[in-house]
Amino acid sequence: MQNPTVIEEHFRQLEDVLKSPVAACEPRNRAQTLIKARQILDTSAQCCIVVATSISSNPVHNIIDLYRSMSCLKYIQRQLCEEYVPLHTCLIGIYPSLEYPACVYELNTNADRYVINNVFPYASSPLITLLKYVISKFIGSNPSVGGLGLAFYKG
């Protein structure tokens, strides 16, 4: 496991954008990520759990990672909402990467549609555009996103 100070430096720009502490999500170890989120909620009123999604050069692996990441974040969202009743949560997309977030937006909102149409790279093929649309409907996020996050704060 990485040193916490290294992780903090790694997400410094993202913390500045979100105005919130940031913790890395481990999709293969949901329990560990949930423990991190609880620890941060005990000391802070808000937090964001993030995970990188476009880390491989293989698009199939990226789609699988996107699915696992979204699944993990939704699981954590359900668990935390059950434990902390006045908790407000939202899923966010981060583009192009967690280290250099040029665009952070809430998923499934007008902002999401704007980013997909005006910020993400243009797909030169109608088939690729259709595939991205189908994947985004199935998973809940466009495969072009560089990272996903779960932002939450106590109400």
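Residues numbered from 1 in each chain as written. Predicted model: local features only at pLDDT ≥ 70, side-chain atom pairs only at ≥ 80, totals over all residues. Heavy atoms only, no water.

Draft legend 1. Structural view of the pattern of salt bridges. Considering all chains together, one arrives at 3 salt bridges under this definition. Between Glu-15 and Arg-12 there is a salt bridge; the shortest N-O distance is 3.2 Å. One end of the pair, Glu-15, and the other, Arg-12, are both in helix α2 (residues 12–18), 3 residues apart, so they sit about a helical turn from each other. Between Lys-36 and Glu-26 there is a salt bridge; the shortest N-O distance is 3.1 Å. (Salt bridge = Lys/Arg side-chain N within 4 Å of Asp/Glu carboxyl O. Helix = DSSP H or I, 4+ residues; strand = E, 2+ residues; numbered from the N terminus.)

Draft legend 2. Highlighting the packing of aromatic side chains. According to the stated counting rule, one finds 3 aromatic pairs in the structure shown. Taking 6.4 Å as the distance between ring centres and 70° as the angle between the ring planes, the aromatic pair formed by Tyr-105 and Phe-120 counts as edge-to-face. Of the two residues, Tyr-105 is situated in strand β4 (residues 101–106) and Phe-120 in the loop between α5 (110–118) and α6 (126–139); the sequence distance between them amounts to 15 residues. By relative accessible area, Tyr-105 is classed as buried at 4%. Put simply, the rings of Tyr-95, Tyr-105 and Phe-120 touch in pairs and so form one group of aromatic residues. (Phe/Tyr/Trp six-rings, centres within 6.5 Å; stacked < 30°, edge-to-face > 60°. Buried < 20%, exposed > 50% of the residue type's maximum accessible area, 1.4 Å probe, protein only.)

Draft legend 3. Seen up close, the environment of Ile-94. Examined against the element boundaries, Ile-94 turns out to sit in strand β3 (residues 87–96). Of the residues examined, Ile-94 reaches a relative accessible area of 0% and is grouped as buried. On a C-alpha basis, the gap between Ile-94 and Ser-56 in space is 16 Å, while along the polypeptide they are 38 residues apart. The contact partners of Ile-94, leaving out residues within four places of it in the chain, are Leu-14, Val-50, Pro-101, Cys-103, Val-104, Tyr-105, Val-145, Gly-146, Gly-147 and Leu-148. (Contact = heavy atoms within 4.5 Å.)

Draft legend 4. Geometry of a nonpolar patch on the surface. Taken together, the side chains of Leu-127, Leu-130, Leu-131, Tyr-133 and Val-134 present a nonpolar region at the surface, about 510 Å² in accessible area. The topology assignment puts Leu-127 in helix α6. (Patch = residues over 30% accessible without salt bridge, like charges linked within 9 Å, V, L, I, M, F, W, Y side chains within 5 Å. Areas by Shrake-Rupley, 256 points an atom, 1.4 Å probe, with all protein chains shown as cover.)

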